[in-house]
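# Chains, contacts and geometry: an overview
Here are the chains, one letter per residue:
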Amino acid sequence: MAVLEINKLSKSYPGVQALAAVDLTVERGECHALLGENGAGKSTLIKAVCGFHRPDSGAMFLDGERYSPLTPHDAMAAGIRVVYQEFNLLSFLSIAENVFFDRLPRKGPFVDYPKLYRDAEAVLERIGLRASPRTPVEFLGVAQMQMVEIAKALSGECKVLIFDEPTATLSPKDSGRLFEIIRQLKSEGIAIIYISHHLNEIYEIADRLTVLRNGEVIGVRDVADAGIPEIVKMMVGRSMEAEYPFSEKVGPKNRVIFEARNLRFKASAHEVSFALREGELLGISGLVGSKRTETLRAIFGADPKQGGDLFIHGERVEINTPRDAVRAGLSLLTEDRKSQGLILALPLSQNVTMAALDKASAHGFMNRREELRATGQYVDELSIKTPSTEQLCRNLSGGNQQKAVLAKWLYRDSRIILFDEPTRGIDVGAKYEIYLLLWDLVAKGKGVLIVSSDLNELMGVCHRILVFSNGKIAGEVERKDFSQERILGYAYREYIR
């Protein structure tokens, strides 16, 4: 029996048809994967189900009865719950207080804490989270925080549970634990909608899948009968001959474009030294906590260095602030593009030119014509999906926000580009476009340094990989020697001595 049924749902915004007569059915005890590129309509559909948006037309049914939530509270009361990629927790409160924040048990005017902790313990036991409900959330790891989000969702009546990119920040081990929980919830009869850009996960837990493209349903398949090439073709509208467009014709030159010597920073007790050659894609791998991101931030001047020297084309440069780095020809595309890469309240055009105002202004005034010209150029070159160059960046999809950050630095014309998780949270089609852009950059002689938690990604696109372990470079692997076993062996080296 269908728990949730969506019939001919449509929703439009000025200049954008976000949903066009979408049908979706989710059965009791089923995990239904919702797939599509960024901007395909997945988020709009989920927001309609959760009461954030009112559809223009169409109907929804929950347990066979008409369902028309006016607010998110209406959806929650009806048993619709969501576990978002970005946590919505209050770090200074306990696990129990977060789980029951909107319905704390009372004794008169006071919170009944004994009952609160008993109720929280029951929910935590259900999902296998071994932590005291009294523990402040700020002391939890990422995987535990996600478990708290799941506990919040299950603390009340739950008929449909929606997971939005749940493994984006999880290790393989923590992802496996999440899949166990999802299988348990399926056995309890809960209907699950699962959104992920990692297609291999779909085969772990999903029963059926629906693919959206440009707001329309392209196809519905039983997961057992759907191969990845078919799914990708449905998502992007074309076949991709290879997931990673590596080319032997484009390789690094002998000239070193950037070098770090004995770099030290507060977050690590070790020194880091390496060189990046002109036209090279250099990857940085390592476990979570191995100081990969911290190294990029220290190079860029976002975090203070405690020692060491940086060289560009053999000349020593002093970089103490991001402004110094930008002037020296470096750019940093941060992992958190929303809070550190863009000003979401500003339109796309102003975000694209903000790192090179000297190029888009004259005599202290912005050159509006140049601003629009540059933005239009990168909208075309990067295939940024937006109704106009004046669209606020907060209204762009995740993949298009990533492209907007890249456009900002391309306009700056930096010689050395530092990428931190360049494809996290974006779909397979957008990933491929990002990879092609990386190859275009190195073909022009730029140096590109990539931090990624996706080992297959690094092995697919890089010429060379540095492996970090507990703050130091434990190994360096050339492309001809790439293997997961070799790289992971280096990654664990400093943790098993």
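Preceding this paragraph is the structure being described.
Residues numbered from 1 in each chain as written. Predicted model: local features only at pLDDT ≥ 70, side-chain atom pairs only at ≥ 80, totals over all residues. Heavy atoms only, no water.

We now examine the pairing of strand β22 (residues 447-451). By the criterion of burial, β22 is predominantly enclosed, with 5 of the 5 residues buried. Residues G447, L449 and V451 of β22 are buried on one face, and the alternating residues V448 and I450, pointing to the opposite face, are buried as well. Across 4 bridges, the pairing between strand β15 (residues 281-286) and β22 is parallel. Counterpart to L282 in the pairing with β22 is L449. Alignment of strand β21 (residues 416-420) against β22, held across 5 bridges, turns out to be parallel. Residue pairing in the sheet places D420 in a bridge with V451 of β22. (Buried < 20%, exposed > 50% of the residue type's maximum accessible area, 1.4 Å probe, protein only. Helix = DSSP H or I, 4+ residues; strand = E, 2+ residues; numbered from the N terminus. Pairing = 2+ DSSP bridges.)

Turning next to the nonpolar core. Ranked by size, the top nonpolar core spans 76 residues in total, and within it F258, F274, L330, L418 and I450 carry the most contacts. With sequence-adjacent residues up to four places away left out, L330 is seen in contact with F258, I299, F300, I312, I319, A325, W409, S414, I416 and L418. Judged by nonpolar contacts, the second largest core, of 51 residues, contains L89, A153, I182 and V223. (Core = buried A, V, L, I, M, F, W, Y, C linked by side-chain atoms within 4.5 Å. Contact = heavy atoms within 4.5 Å.)

Our focus in this paragraph is the packing of aromatic side chains. Under the defined criterion, the tally for this structure stands at 4 aromatic pairs. Ring centres of F163 and Y194 lie 6.3 Å apart, and the angle between their planes is 45°; on these two criteria the pair is classed as tilted. Separated by 31 residues along the polypeptide, F163 in strand β9 (residues 160-164) and Y194 in strand β10 (residues 191-195) bring together distant segments of the chain. Here the guanidinium or amino end of R261 rests over the ring plane of F311, the centre of that ring lying 3.9 Å away. (Phe/Tyr/Trp six-rings, centres within 6.5 Å; stacked < 30°, edge-to-face > 60°. Lys NZ or Arg CZ within 6 Å of the ring centre and 35° of its normal.)

Before going further, it helps to spend a moment on the sheet that holds β9. What the 6 strands build is an open sheet, ordered β6-β9-β10-β3-β11-β12; its pairing is mixed. The outermost strands of the open sheet, each flanked by one partner alone, are β6 (80-83) and β12 (216-222). Going across the sheet, the axis of each strand differs from the next one's by a mean of 20°, ignoring polarity. Examined bridge by bridge, strand β3 (residues 31-35) and strand β11 (residues 208-213) share 4 bridges and lie parallel to one another. For A33, the partnering residue across the bridge sits in β11 and is L209. Those strands touched by helix α1 (residues 42-49) are β3, β6, β9, β10 and β11, and its axis lies near 135° from that of β3. Along the sheet face, helix α6 (residues 172-187) touches β3, β9 and β10 and points at about 150° away from the line of β10. (Axes fitted to C-alpha atoms, helices over the stretch in contact; angles between N-to-C directions.)

A full pass over the atoms with the stated rule returns 29 salt bridges. Residue E30 is joined to R208 by a salt bridge in which the shortest nitrogen-to-oxygen separation is 2.6 Å. Pair noted here: E30 is in the loop between β2 (16-27) and β3 and R208 is in strand β11, with a separation of 178 residues, a long-range link. (Salt bridge = Lys/Arg side-chain N within 4 Å of Asp/Glu carboxyl O.)

One can find S331 in strand β18 (residues 330-333). Beyond its immediate sequence surroundings of up to four residues, S331 is in contact with F300, W409, S414, I416, I417 and L418.

What follows concerns the packing of helix α13 (residues 368-381) against helix α14 (residues 398-412). Each pair of packed helices can be described by the angle between their axes along with the distance between the axes. Where α13 contacts α14, the two axes come as close as 10 Å, and the packing angle between them is 120°. In terms of orientation, α13 and α14 fall into the oblique class. Note on packing geometry: the crossing formed by α13 with α14 is right-handed. Judged by residue contacts, E370, R373, A374 and Y378 of α13 engage A407, L410 and Y411 from α14. In terms of residue class, the contact of α13 with α14 is built from 5 nonpolar, no polar and 2 charged. (Parallel < 35°, antiparallel > 145°, perpendicular 65-115°, else oblique. Left-handed = near helix turned anticlockwise from the far one by under 90°. Nonpolar A, V, L, I, M, F, W, Y, C, P; charged D, E, K, R; others polar.)

Relative to the helices and strands, E280 resides in the loop between β14 (272-277) and β15. For the pair E280 and L62, spaced 218 residues apart in sequence, the C-alpha to C-alpha distance is 54 Å. For E280, the side chain forms a polar contact with the side chain of R464, separated by 2.8 Å. (Polar contact = N/O pair within 3.5 Å; in protein donor to acceptor, adjacent residues only side chain to side chain.)

A few words on the environment of A151. Following the sequence through the fold, A151 ends up in helix α5 (residues 142-154). Using a relative accessible area of 0% as the deciding quantity, one classes A151 as buried. Along the primary structure A151 and A96 are separated by 55 residues, whereas in three dimensions their C-alpha atoms are 9.4 Å apart. In this structure, A151 is in contact with V99, V123, L124 and I127, ignoring residues within four places of it in sequence.

What follows deals with the sheet that holds β14. The 4 strands lie next to each other as β14-β13-β16-β17, forming an open sheet whose pairing is antiparallel. The strands lining the two open edges of the sheet, one partner per strand, are β14 and β17 (315-317). With direction set aside, neighbouring strand axes in the sheet form an average angle of 20°. Bridge analysis of strand β16 (residues 305-312) against β17 gives 3 bridges, and the strand direction is antiparallel. Of the residues in β17, the one forming a bridge with F311 is R316. Across the sheet, helix α9 (residues 292-300) is in contact with β13 (256-265), β14 and β16; its angle to β13 comes to roughly 110°.

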